[in-house]
Amino acid sequence: MDGIDFDLIRGEAFGFLGPNGAGKSSTMRMLGCVSPPTQGELIILGGDPVRDGAAIRARLGVVPQEDTLDGELSVRENLLVYGRYFGLPRKLISERTDQLLDFVQLTERAGDQVDPLSGGMKRRLTIARSLINDPDILILDEPTTGLDPQARHVVWDRLFRLKQRGVTLVLTTHYMDEAEQLCDRLVVMDSGKFVAEGTPRELIAQYSTAEVLELRFAPGLMEDAVQKVKDLSPERMEVTADRLLLYAADGDEFLARVHQAGLEPLTELVRRSTLEDVFLHLTGRTLID
Amino acid sequence: MSALAEAPAAPRRGLPGSWALSVRAFRCWLVMYRRTWRSSVWSSVFGPLFYLGAMGYGLGSLVDKNGTAALGGVPYVVFVAPAVLGVLAMNSGLTNAMFPVFSGIHWSKIYLAARATMLRPADIYRGHLLFIGLRIAMNSACFVLVMAAFGLIRSWWAVLLLPAATLLGVAFATPSAAWAVTLENQTPMNYVFRFGGVPLMLFSGTFFPVTQLPGWLRPLAYATPLWHGVALCRGLSLGDTDVSAAVIHVAYLTAMAAIGLWFGARTYRRRLYV
C-alpha cells in the first residue's frame, strides 16, 4: 500500500475499483481490522485498529470475497453462531434473524442446510450474517463476483436499501456497472496506489470524453483501419480484439470524419462515456493518451 | 486515512476479557457439534473398543497362558486397558487438533469467519482448544466406563483416570493445533500420524512394558509424552501409583500443554492477523 488517503463519510457508499492485485482486498482487510496497517495512520470509528481491533470489529459488518458460511449448519444456525461471536443474547439474535432473512428473501430457507444453496442465496445469507450485529459500517469485498445477472440485481437492490437506511457501505469491485449503481464516491486503485478519486460523474468528466465511438471492422482490415484512424488524431483510442474505441467530445462528428477518410466499419455505435472507459484509461493499456 | 473518524471512540470498557471471548468461541463449537456428533461416535468410541477386544482378550488369552509376572501379575487385558485409553486420548488430541484446525483456514473457513467478529486470534485458538478438550474428555469417559463395566479397573485411584487421559490428550492437542494452523496443505498432518502417532502407540509401554525393549531404546521410550501418559493412567487403574512418579508425569504433560499454548497464541496471530 502506498499513498492511500481517504476519509469515509457516514451513510455514504464508498467504492474501491481496481484490477485484480491492485490492493483492494488488502485495504479491506486493514479496514476490517484483521490485518495491521503497514505504515501511516488509520482511524476506524474513532479507534486505532491495532489497539482497539476487537472493539472496532464489534461495530463492523464484513462480507468477504470468499464465502465463510458453515455449510453443514442451517441458514438460521449460521446467523446464531455469528451472533454468538458478538456476544448477542439468543433472543435478540432470533428476532434479528427473522428480520434479516426477510430482508434478504431467505425466510423460506431458514431451516435448510447451507451447502446446497445457490451462489446468490449464499451471498445474500452472508450479507444477512454481516448485519447481525447492526454494524455502523458494512465492508463488502466484491459482493457480486461470480453471481448470475439476476442474483446480482437482487444483491444490488438490498445494498441500495441498506444505504437508504443510513448504513455506511465500503465495497470493492471490478464491475463498473456495480460501482455506478452503488457508489457515491469511489477511488480507482492500481498497484497499491490511488490513481483517481471522485464521484462517478466527476471521474467520467475528468478522465474520459463525453462520448465514445465504437467501430468494428471486417477481419483483416483492422490494422489498416487503426493506422487511418490514428491519422485523424482522436483524443484517445483503444484497440480491443474486435473493436476500435474512439474517445471524442462529439461522437457523430468524429464518425463523419471516419467516413470521409474512406473507412467503412461493419458496425458503428456512438455512446456516452461510462466508468468502464475511465477504468480502462487509468489502469489498462492505451495507445494514445 | 480515517473511516468515520468523527464517530465516538470505540468503547473499550465494554469489551469482555479474553477468557469470556474464548468461552464464546467454545460455545459456538458446541452449536456446530450438534450437527456432526453422530459421525464422530463411530471412530472415537467403537475403534478403541475393537482394539481392547482384539488386544486385551484375543492376544491377552495367549499372553496370560505364559504367566503375567512381567505385567505385575494382572491379566493382560487389565494391563493393556489403561494404555488403550492413553492411546485413545492421544489420538483424540491429534485428530481434533489437526484436520479441524486446518479446515478452519482452508475448508470450512470457520476461523476466517470468526476473525471478522470481536474474537481475536488467541480467543479463536483457546475457544477451539476448550472444545477439543471436551471431545477428548468425552471419548475418554466412554472408554473409562467400558473399563469399569468389564471389571478392568483395580483401584479407586481410577476416578482420576478421566482428568489424566484428558491432560494427556490436551498435551498433544495444543502443539498440534499451533502447528496445523500454519500449514498450507494437508499432507504433513498424515505424516504425523504415520511417523509420530503409530510408533508412539507401539513403543511407549502400551502393549508391553518398556523393560521388554532393548536397553538402548528404553531411554527414548521414557522420554515420550505417551509413555508418561500411559504410565500415569496405568498407575491409577491398577492402583500401584507411585505419587512422586505421578507428579513427574503430570508435570511433563502440563509443561507440554503449556508450551503448546504459548506457541499457538503466536502462530494463530501470525496466521489470522496478516
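Analysis parameters
- Residues numbered from 1 in each chain as written.
- Chains lettered and ligands numbered in written order.
- Predicted model: local features only at pLDDT ≥ 70, side-chain atom pairs only at ≥ 80, totals over all residues.
- Helix = DSSP H or I, 4+ residues; strand = E, 2+ residues; numbered from the N terminus.
- Buried ≥ 20, exposed ≤ 12 C-beta atoms within 10 Å, placed from the backbone.
- Contact = placed C-beta atoms within 7 Å.
- Nonpolar A, V, L, I, M, F, W, Y, C, P; charged D, E, K, R; others polar.
- pLDDT = per-residue confidence, 0-100.
- Pairing = 2+ DSSP bridges.
- Axes fitted to C-alpha atoms, helices over the stretch in contact; angles between N-to-C directions.

Caption draft 1: Main features of the overall build of chain A. Counting its secondary structure elements, chain A contains eleven helices and twelve strands. Dimensions of chain A, computed from the C-alpha atoms along their principal axes, are close to 75 × 45 × 30 Å. For chain A, the proportion of its 289 residues judged to be buried stands at 44%. When contacts within chain A are restricted to residue pairs at least 6 apart in sequence, long-range pairs at least 24 apart make up 72% of them.

Caption draft 2: The arrangement of helix H3 (residues 75-85) of chain A in detail. With nine of eleven residues buried, H3 of chain A lies mostly within the body of the structure. Taken together, the buried positions of H3 of chain A are Val75, Glu77, Asn78, Leu79, Val81, Tyr82, Gly83, Arg84 and Tyr85 of chain A. Lining the buried residues of H3 of chain A we find helix H4 (90-103) and helix H5 (119-130) of chain A together with helix H1 (18-65) and helix H3 (110-115) of chain B. Trailing H3 of chain A by a residue or two, Gly87 of chain A shows a phi angle of about 75°, which is positive.

Caption draft 3: Quick look at the interface of chain A and chain B. At the junction of the two partners, chain A supplies 41 residues and chain B supplies 34 residues. Those elements that place two or more of their residues in the side of chain A that touches chain B are strand E1 (7-8), strand E3 (43-44), helix H2 (53-57) and H3 of chain A. In terms of residue count, H3 of chain A provides more of the side of chain A that touches chain B than any other element does, six residues in total. Its residues placed into classes, the side of chain A that touches chain B shows 23 nonpolar, seven polar and eleven charged.

Caption draft 4: Looking closely at the confidence of the model for chain B. Residue and element names in this part refer to chain B. On average, residues of chain B score 90 in pLDDT, and 95% of them reach the 70 mark or higher. Helix H5 (residues 161-180) holds the highest mean pLDDT among the elements of chain B, 98, whereas strand E1 (residues 2-3) holds the lowest, 59. Counting contacts from residues 5-12, a segment whose pLDDT is below 50, to residues more than four positions away or on other chains yields 19 contacts. As a predicted assembly, this complex carries a pTM of 0.87 together with an ipTM value of 0.84.

Caption draft 5: How the structure looks around the sheet that holds strand E4 (residues 60-63) of chain A. Residue and element names in this part refer to chain A. Pairing within the open sheet is mixed, and its six strands lie in the order E4-E5-E6-E2-E7-E8. Among the strands making up the open sheet, the edge pair consists of E4 and strand E8 (193-198). Each strand of the sheet is rotated relative to its neighbour by a mean of 15°, with strand direction disregarded. In this sheet, strand E6 (residues 168-173) lies alongside strand E2 (residues 13-17) in parallel orientation, the contact comprising five bridges. Each residue of the ladder has a partner; that of Gly15, found in E6, is Leu171. Packed onto the sheet, H5 meets E4 and strand E5 (137-141) and runs at close to 165° relative to E4.

Caption draft 6: Spotlight on the pairing of strand E12 (residues 267-272) of chain A. Residues and elements named next belong to chain A. The buried count for E12 comes to zero of six residues, which makes it a mostly uncovered element. Where strand E9 (residues 211-216) and E12 come together, six bridges link them in antiparallel fashion. Opposite Leu213, over in E12, you have Val270 as the bridge partner.

Caption draft 7: Main features of the sheet that holds strand E11 (residues 244-248) of chain A. Residue and element names in this part refer to chain A. Judged by pairing direction, the sheet is antiparallel, and its four strands sit side by side in the order E10-E11-E9-E12 without closing on themselves. The outermost strands of the open sheet, each flanked by one partner alone, are strand E10 (236-239) and E12. The average undirected angle you get between the axes of adjacent strands in this sheet is 20°. Each of E10 and E11 is contacted by helix H9 (residues 222-231), which is oriented at about 10° to E11, the strand it contacts most.

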